[in-house]
Amino acid sequence: MYEINRGRVVRTLEFIQDVIVISLCIGLFSFMVLQVRDMFLSLLPPLDFHAVTADILFLLILVELFRLLIIYLQEHRVSIGVAVEVSIVSALREVIVKGVLETSWSQVLATCAFLLVLGVLLFLRVWLPPTFEGIDPEQEVSKRYRSRAKSELIQNNGH
């Protein structure tokens with residue numbers, strides 16, 4: 001009977017996933033170039049402060065998302081720190097663009113709670129590793145994944 005080679009299937013699926021992420025990177029980079037052009041055009045008179053601020057913050061969000069995709073391509077994992085940073089900048093962008101005074105108190109309270117939770121996550125992500133003798137949890141997971149993949153590759157090749 002025909003036996004499925006799991007290693008080959010996994011490698012093929014990871015390759016397809018990498019191709020998808022690379023196409024996302026190319027599309028996001030192209031969109032960032034268009035956004036930079038629009039941002040510079042919005043700097044021409046008459047100057048709309050809210051539009052310029054929204055464009056700059058949106059561009060920062062796109063840069064962080066691009067960085068998140070690059071980290072994923074390099075290490076095949078999603079960086080928690082970068083994802084939290086993107087979420088914080090996105091929430092702040094919405095508050096700045098909409099305006100705190102024009103937002104209902106319940107939405108402001110919910111946004112504050114959301115930002116507080118994200119801040120705690122970011123704080124824990126940054127400050128916990130030194131308490132564990134400098135161990136970076138994200139790098140440790142990455143090392144474990146690489147060593148596991150390497151051992152599976154050696155095992156599949158019969159060495």
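Every chain's residues receive numbers from 1 upward, in the order its sequence appears when written. Reporting of local features is limited, given that this is a predicted model, to residues whose pLDDT is at least 70; pairs of side-chain atoms are given and counted only at 80 or more, and all residues count toward the totals for whole chains, interfaces and linings. Think of the side-chain values as coming from all heavy atoms in the structure, minus any hydrogens and water.

Peer 1: A description of the UniProt feature "transmembrane region" (unreviewed entry) in the chain should follow, citing residues and the corresponding values.
Peer 2: The positions UniProt marks with the feature "transmembrane region" (unreviewed entry) are residues 12-36, 56-73 and 108-128. Here a strand is any run of E in DSSP of at least two residues, a helix any run of H or I of at least four, and the numbering for each starts at the N terminus. Taken end to end, residues 12-36 comprises 100% helix and 0% strand; its first and last C-alpha atoms sit 36 Å apart. With 100% helix and 0% strand, residues 56-73 has end C-alpha atoms that lie 26 Å from one another. UniProt positions are given in the numbering used here, feature names are shortened, and annotations may be inferred rather than shown by experiment.

Peer 1: Describe the packing of aromatic side chains, listing the residues and the values that go with them.
Peer 2: To pair, rings of Phe, Tyr and Trp, with the six-membered ring standing in for Trp, must have centres within 6.5 Å; the planes then decide the type, stacked if under 30 degrees apart, edge-to-face if over 60, and tilted in the middle. Evaluated as defined, the whole model comprises two aromatic pairs. Ring geometry for Phe29 versus Phe66: centroids 6.0 Å apart, planes at 45 degrees, classification tilted. Here the residue Phe29 occupies a position in helix α1 (residues 6-42), and Phe66 occupies one in helix α2 (residues 49-75), the gap between them amounting to 37 residues. Residue Phe66 is classed as partly exposed on the basis of its relative accessible area of 21%. On the numbers, 5.9 Å between centres and 85 degrees between planes, the contact of Phe31 with Phe58 is edge-to-face. Placement of Phe31 in helix α1 and of Phe58 in helix α2 is noted, with a sequence separation of 27 residues between them. Relative accessibility under 20% of the residue-type maximum defines a buried residue, over 50% an exposed one, and the middle range a partly exposed one, all with a 1.4 Å probe and only protein chains included. For Phe31, a relative accessible area of 38% puts it in the partly exposed group. Residue class for Phe58 comes out partly exposed when judged on its relative accessible area of 25%.

Peer 1: Hey, could you go over a nonpolar patch on the surface for me, with residue numbers and the actual values?
Peer 2: Patch members must show over 30% relative accessible area and no salt bridge, and they are joined within 9 Å when carrying like charges or within 5 Å when they are nonpolar side chains of Val, Leu, Ile, Met, Phe, Trp or Tyr. In this description, accessible areas are obtained by the Shrake-Rupley approach with a 1.4 Å probe, and a residue is regarded as covered only by the protein chains that are shown. Whenever Lys or Arg places a side-chain nitrogen within 4 Å of a carboxyl oxygen from Asp or Glu, that contact is recorded as a salt bridge. The grouping of Ile4, Val9, Leu13, Phe15, Ile16, Val19, Ile20 and Leu24 at the surface amounts to a nonpolar patch, some 760 Å² of accessible area in total. Within the secondary structure, Val19 sits in helix α1.

Peer 1: I'd love a proper account of unusual backbone geometry, names of residues and values included.
Peer 2: Residue Pro45 is joined to Pro46 through a cis peptide bond whose omega torsion reads -5 degrees. By the element assignment, Pro46 lies in the loop between α1 and α2.

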